[in-house]
Amino acid sequence: MGEIEGTYRVLQTPGSRLGVQKTTGVSTLEPGQNLSTAMASSPAKTHERDLPIKIKMLDNTVEVLDIESKYYGQTLLTEVYKHLNLIESDYFGIEFQNIQSYWIWLEPMKPVIKQVRRPKTTMLRLAVKFFPPDPGQLQEEYTRYLFALQIKRDLAEERLTCSDNTAALLVSHLLQSEIGDFDESEDREHLKTNQYLPNQERIEGKILEFHRKHVGQTPAESDFQVLEIARKLEMYGIRFHLASDREGTKINLAVSHMGVLVFQGNTKINTFNWSKVRKLSFKRKRFLIKLHPEVCGPYQDTLEFLLGSRDECKNFWKICVEYHTFFRLFDQPKPKAKAVFFTRGSSFRYSGRTQKQLVDYIKDSGMKKTPYERRHSKVRASTRALNTDVPKQSVPFTEGLRTPGSPASAAVPFHSVHSSATPTPVLPIFAETSPSSLDPRAPYTRIPEKNTAAPAEAAGRKLMQQPGSPMLQGIPVDHPQLSSLMLKSPLGLNPAFQVNFNTAGQGSSPLLSPVLSDAGSARIEEDDEMKRKRYPTDKAYFIAKEILATERTYLKDLEVITVWFRSAVIKENAMPEGLMTLLFSNIDPIYEFHRGFLKEIEQRLSLWEGKTNAHVKGDYQRIGDVMLRNMRTLKEFTSYLQKHDEVLTELEKATKRLKKLETVYKEFELQKVCYLPLNTFLLKPIQRLMHYKLILARLCKHYTAEHRDFADCRNALKEVTEMTSRLQHCLIRLENFQKLTELQHDLIGIDNLTAPGREFIREGCLYKLTKKGLQQRMFFLFSDMLLYTSKGVTGTNQFKIHGHLPLHGMLVEESENEWAVPHCFTIYSAQKTIVVAASTRLEMGKWMEDLNMAIEMAKKSTEKSDMLLENSVCNRSNRSSDEVSLEQESEDDIHSSRSSLDRQSHHRANTTMHVCWYRNTSVSMTDHSVAVENQLSGYLLRKFKNSNGWQKLWVVFTNFCLFFYKTHQDDYPLASLPLLGYAVSSPVEADGIQKDYVFKLQFKSHVYFFRAESKYTFERWMEVIKRATSSPARSSLLLPKDEKDSHTD
């Protein structure tokens, strides 16, 4: 009596959402047995009568599946997923209501009839079981569509509680997905016949107002927006389980990816993170959470909650076990050895794939991507491929082809509406739908693997003449019977990661990498040309498209501060209230303005391309009026931009003063979403004004004075020029301050690098002559001193200062002949004399010119730099020297810094100094300023030197680096390519590239090819990369702006 009935030990996965590889858990499968063999070995009497099981899908269609009475739950799940062609199936499950009328999940390892008491009359339904924290983790557009349907169901059932505004916004995106662009009469009619929310008439006006703003948005984009909004709600994916605590207070328990949650009403009052939980168990109707002693102390380590009944308690315990295994573990649980004599407690364990295994499987298995129909949608069908995530405004580059392969599974008869070459039973649909498989409103059904060639070809011939239907090898992409499949593959920068063939059981194997088969290349080029012709070819259109692409990147950059960093500091309560107000009251209004501005640009480009059904009056093939209206509005935000100086300064002071904020700051910079140093993002609003100025100048240059858009563009240029002239000096000062603070974080041995009056001039790699010969050192030139450093030996990637030389009284001379070292020069200072060598004569010239310029600046300065050095450089003894000081190179210097290196475990990749170190080059402050002006975003096709095909990627060029994303909606880059040292050129004949608009990037033996969509886009990518990576020698901050422009040109 009173024994624990079920126990699950939560094996720890510290610091990792998915856990460590050795963490496994326990399974009920016998050793050597998997789900397939377990199902196959289960007894099934063929003579027994079939059971008709009714399953309600997420689109509210009801389908009937005849199964044998002894079938296990896993068999039913497999057949449903197979019927839907659902690849990311592990996120889903089948649920049903038991006798007590609460929902429970169908267990895979038990027979269906032992779980569902009255299978003939019970309605089962497909539902999302595991809600990932970020919808970007869902690889398939089809999966995101089903998730959006789940959100729609949760709204209707009042599970997803939210404010009226949020509910209206969600419904407006669902409307856009289902009926397309805004039409008031059609919207009102649709809302009358479709109930998205209880009492939705109350907020119908808000719904229509929001829907009006979504013109041109594709169904796939609408689904993504629904998930983006929903995931930020507290009730996202939450399923309440009524309970009470020890005092008898009524509460609700729930489970999510992060742990067990406790709610009072709809308010979350506690979270027991998986990392804090040691064991979960239940005893009758008591649910027990055993915490680690360090969380609550050794005497109060077990929390107890009382649920309504034993069954409810066990049901919740099972859900917790499954959630922990799915989100926290790397591998499937190991089989649990069966007891010889007796067992005690529940042996239930999760038996599916973990999220990590699922993500890896989708990336590596080369699963085919099939088309699907949106049941309620009046817009065209979607194709499950990478290019469906791309906005309408982008020219669609067709991806590679997959060879269809048939997954092996047991044959279970689904009643189907689909007609093929062989007769099949008819599926009873318990909802209004067209019986024709060619009706775009018909529900999506799985196409049988065999005997589909004839109907597919016939359908292809029927639709061949329809305008706007992109064709792929003679079969319409938009058609539900499409059997030519599209490629979607993870990004990889390693050229060796190319093609993997699996010949077992297939005559023609699928490709497992982002490349095309040679057979498909010719047809794809024809498709590209055909699609390209349907878009405007005017240069102004591509300039407007550049505004759209860079605005999308800019808005994502603002979200790093307004969404991600805010969330980090609030979670840890790390920032003082005054600084919070100062920071976010300045950046939030700018962010909100640009959200609306981006919507306007998207709508205008959609109208320009003629891809909307909205009735628009007047001429919309221009962008000047949109720019002028928004530049005038943006002038009102100048006061906010002028406060960025204060924001940066106060943030830096606070991180030095408050250890907790410093920790949060450093940890945040390690996150993938913070792909640049954090304070760089605070400069983006002012830098964006410079981009507007350059783009508008390009538009004005392109137009003739008589063009209808010229006047608006010229006036918009005047407005933005007025703003930039006021903020120019502020930007130069802020960029210098930002660079100094960035170096402060990455250099060990200096405390106050941001001293007043100090200006950064150049950083880069030189070789210093020591007693061991030439040793690589990283040099940093400022307006008052020269620092040289070596790279740390720990994992921090910081640089330790070896010496500092004041510029006052310094002399620089070329000394190649004296030392017989190429590109060598000598630096004489009051402290010591050092001999250094550059990698090339050009590099030597840059350093000598900048050093002489800085020395002249120091002479004119009234303040002596020695005073700054005494206060800033930590405990560095000044060695006396003769004519030349040869540094004794020993490990003692490096090992002496280990304690400080260990204390500062901060590490940022891809900072300019690290790239300079590895590429043996240097960068000046002028190079940074030029790079700021030369930023670009957009879709490109990428090809490795030895690969056979092209992969489509969203590419962002900023800070001398290319960042690669799967789509423009992704929050963080998948990979990056620093371009310092790379040469950009057009391919030569030996490269074998027979395509237009291709440019080549090469550094030594590393070669990449990138293909743009138009001549203008190709020229822009070539221009910005050349300007940013081929810098002028001169790098003074004191040059006038127009003179500096002439240098960069």
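So, here's what we can say about the structure. All figures in this text were calculated on a predicted structure; none of them were measured in a lab.

**Some words on helix H8 (residues 219–231)**
Move 1: Over its 13 residues, H8 runs 18 Å from end to end, which matches the ideal 18 Å to within 8%, given 1.5 Å per residue.
Move 2: When you tally the buried positions in H8, you get 12 out of 13 residues, the bulk of the element.
Move 3: Considered for burial, the residues of H8 that qualify are Pro 219, Ala 220, Glu 221, Ser 222, Asp 223, Phe 224, Val 226, Leu 227, Glu 228, Ile 229, Ala 230 and Arg 231.
Move 4: In the core, the buried residues of H8 are packed alongside helix H4 (141–156), helix H5 (164–179) and helix H14 (539–572).

**Describing the environment of Ile 827**
Move 1: Counting through the fold element by element, Ile 827 comes out in strand E28 (residues 824–828).
Move 2: Residue Ile 827 is classed as buried on the basis of its relative accessible area of 1%.
Move 3: For Ile 827 and Leu 811, which are 16 residues apart along the polypeptide, the C-alpha to C-alpha distance reads 5.9 Å.
Move 4: When residues no more than four places from it in sequence are discounted, the contact partners of Ile 827 are Leu 786, Leu 805, Met 810, Leu 811, Lys 832, Thr 833, Ile 834, Val 836 and Leu 851.

**Observations regarding the sheet that holds strand E36 (residues 998–1003)**
Move 1: With respect to topology, seven strands assemble into an open sheet ordered E34-E33-E32-E31-E37-E36-E35, the strand pairing being antiparallel. Each edge of the open sheet is held by one strand with a lone partner, namely strand E34 (975–978) and strand E35 (983–985). Going from strand to strand, the sheet's axes swing by 35° on average, the running direction of each strand aside.
Move 2: Sheet topology places strand E33 (residues 961–965) next to E34; four bridges connect them, and they run antiparallel. Note on E34: the bridge partner recorded for Cys 961 is Pro 978.

**Topic: the environment of Ser 177**
Move 1: Within the secondary structure, Ser 177 is located in helix H5.
Move 2: Judged by its relative accessible area of 5%, Ser 177 is buried.
Move 3: In this structure the C-alpha to C-alpha distance between Ser 177 and Val 226, which are 49 residues apart in sequence, comes to 9.8 Å.
Move 4: At 3.5 Å, the side chain of Ser 177 forms a polar contact with the side chain of Asp 223.

**Section: the pairing of strand E8 (residues 241–244)**
Move 1: Sheet topology places E8 next to strand E9 (residues 250–256); four bridges connect them, and they run antiparallel. The residue of E9 that forms the bridge with Ser 244 is Lys 250.
Move 2: In terms of strand pairing, E8 meets strand E14 (residues 302–307) through two bridges, oriented antiparallel. Its bridge partner being in E14, Ala 243 is matched across the sheet by Leu 307.

**Let's talk about the packing of H5 against helix H6 (residues 184–193)**
Move 1: It is at 12 Å that the axes of H5 and H6 come closest, and there the two elements cross at 105°. Classified by the angle their axes make, H5 and H6 are roughly perpendicular. Side by side, H5 and H6 meet where Val 171, Leu 175, Glu 178 and Ile 179 of the first sit next to Glu 186, Asp 187, His 190 and Leu 191 of the second.
Move 2: Residues that form the contact of H5 with H6 fall into these classes: four nonpolar, one polar and three charged.

**Observations regarding the packing of aromatic side chains**
Move 1: By the definition in use, this model includes 34 aromatic pairs.
Move 2: Consider the rings of Tyr 91 and Phe 326, whose centres lie 5.5 Å apart with planes at 75°: the pair is edge-to-face. Here the residue Tyr 91 occupies a position in the loop between helix H2 (73–84) and strand E5 (92–97), and Phe 326 occupies one in helix H10 (residues 310–328), the gap between them amounting to 235 residues.
Move 3: Classification of Tyr 91 as buried rests on a relative accessible area of 0%.
Move 4: By relative accessible area, which is 0% here, Phe 326 ends up buried.
Move 5: Aromatic side chains Phe 799 and Trp 917 sit 5.4 Å apart centroid to centroid with 70° between the ring planes, which places their arrangement in the edge-to-face category. Here the residue Phe 799 occupies a position in strand E26 (residues 799–806), and Trp 917 occupies one in helix H27 (residues 912–919), the gap between them amounting to 118 residues.
Move 6: Residue Trp 917 is classed as buried on the basis of its relative accessible area, which comes to 12%.
Move 7: Ring-pair connections join several aromatic residues into one group, and the members of that group are Tyr 91, Phe 92, Phe 130, Phe 131, Phe 147, Tyr 236, Tyr 323, Phe 326 and Phe 327.
Move 8: If you follow Arg 353 out to its NZ or CZ, it ends over the ring of Tyr 361, 4.6 Å from the centre.
Move 9: Above the plane of the ring of Phe 1003 lies Arg 919, whose end atom (NZ or CZ) is 4.8 Å from the centre.

**Concerning the packing of helix H15 (residues 577–608) against helix H18 (residues 644–657)**
Move 1: Here H15 crosses H18 at 140°, and the two axes come no closer than 10 Å. As judged from the angle between their axes, H15 and H18 are oblique. Crossing of H15 against H18: the hand is left-handed. Contacts from Leu 579, Leu 582, Leu 583, Asn 586, Ile 587 and Ile 590 in H15 reach His 644, Glu 646, Val 647, Glu 650, Leu 651 and Ala 654 in H18.
Move 2: The residue makeup of the contact of H15 with H18, split by class, is eight nonpolar, two polar and two charged.

**Overview of the pattern of salt bridges**
Move 1: Inspection of every chain in the model, using the stated rule, returns 47 salt bridges.
Move 2: Across the salt bridge formed by Arg 286 and Glu 304, the nearest N and O atoms sit 3.2 Å from each other. A residue pair is termed long-range when its members are at least 10 positions apart, and Arg 286 in strand E13 (residues 286–291) and Glu 304 in strand E14 qualify at 18 residues.
Move 3: Taking relative accessible area as the criterion, Arg 286 reaches 27% and is therefore assigned partly exposed.
Move 4: Taking the relative accessible area as the measure of exposure, Glu 304 reaches 22% and is therefore partly exposed.
Move 5: In this structure, a network of salt bridges that share partners links the residues Glu 228, Arg 231, Lys 556, Glu 559 and Asp 971.

**Points about the sheet that holds strand E7 (residues 123–128)**
Move 1: Pairing within the open sheet is mixed, and its five strands lie in the order E4-E3-E7-E5-E6. In the strand order of this sheet, the two ends are held by strand E4 (62–68) and strand E6 (103–105), each with one partner. Strand-to-strand, the axes of this sheet are offset by a mean angle of 40°, without reference to chain direction.
Move 2: In terms of strand pairing, E5 meets E7 through four bridges, oriented antiparallel. Directly across from Gly 93, in E7, lies its bridge partner Ala 127.

Rules of the game
- Residues numbered from 1 in each chain as written.
- Predicted model: local features only at pLDDT ≥ 70, side-chain atom pairs only at ≥ 80, totals over all residues.
- Heavy atoms only, no water.
- Helix = DSSP H or I, 4+ residues; strand = E, 2+ residues; numbered from the N terminus.
- Expected span 1.5 Å × (residues − 1).
- Buried < 20%, exposed > 50% of the residue type's maximum accessible area, 1.4 Å probe, protein only.
- Contact = heavy atoms within 4.5 Å.
- Pairing = 2+ DSSP bridges.
- Axes fitted to C-alpha atoms, helices over the stretch in contact; angles between N-to-C directions.
- Polar contact = N/O pair within 3.5 Å; in protein donor to acceptor, adjacent residues only side chain to side chain.
- Parallel < 35°, antiparallel > 145°, perpendicular 65-115°, else oblique.
- Nonpolar A, V, L, I, M, F, W, Y, C, P; charged D, E, K, R; others polar.
- Phe/Tyr/Trp six-rings, centres within 6.5 Å; stacked < 30°, edge-to-face > 60°.
- Lys NZ or Arg CZ within 6 Å of the ring centre and 35° of its normal.
- Left-handed = near helix turned anticlockwise from the far one by under 90°.
- Salt bridge = Lys/Arg side-chain N within 4 Å of Asp/Glu carboxyl O.

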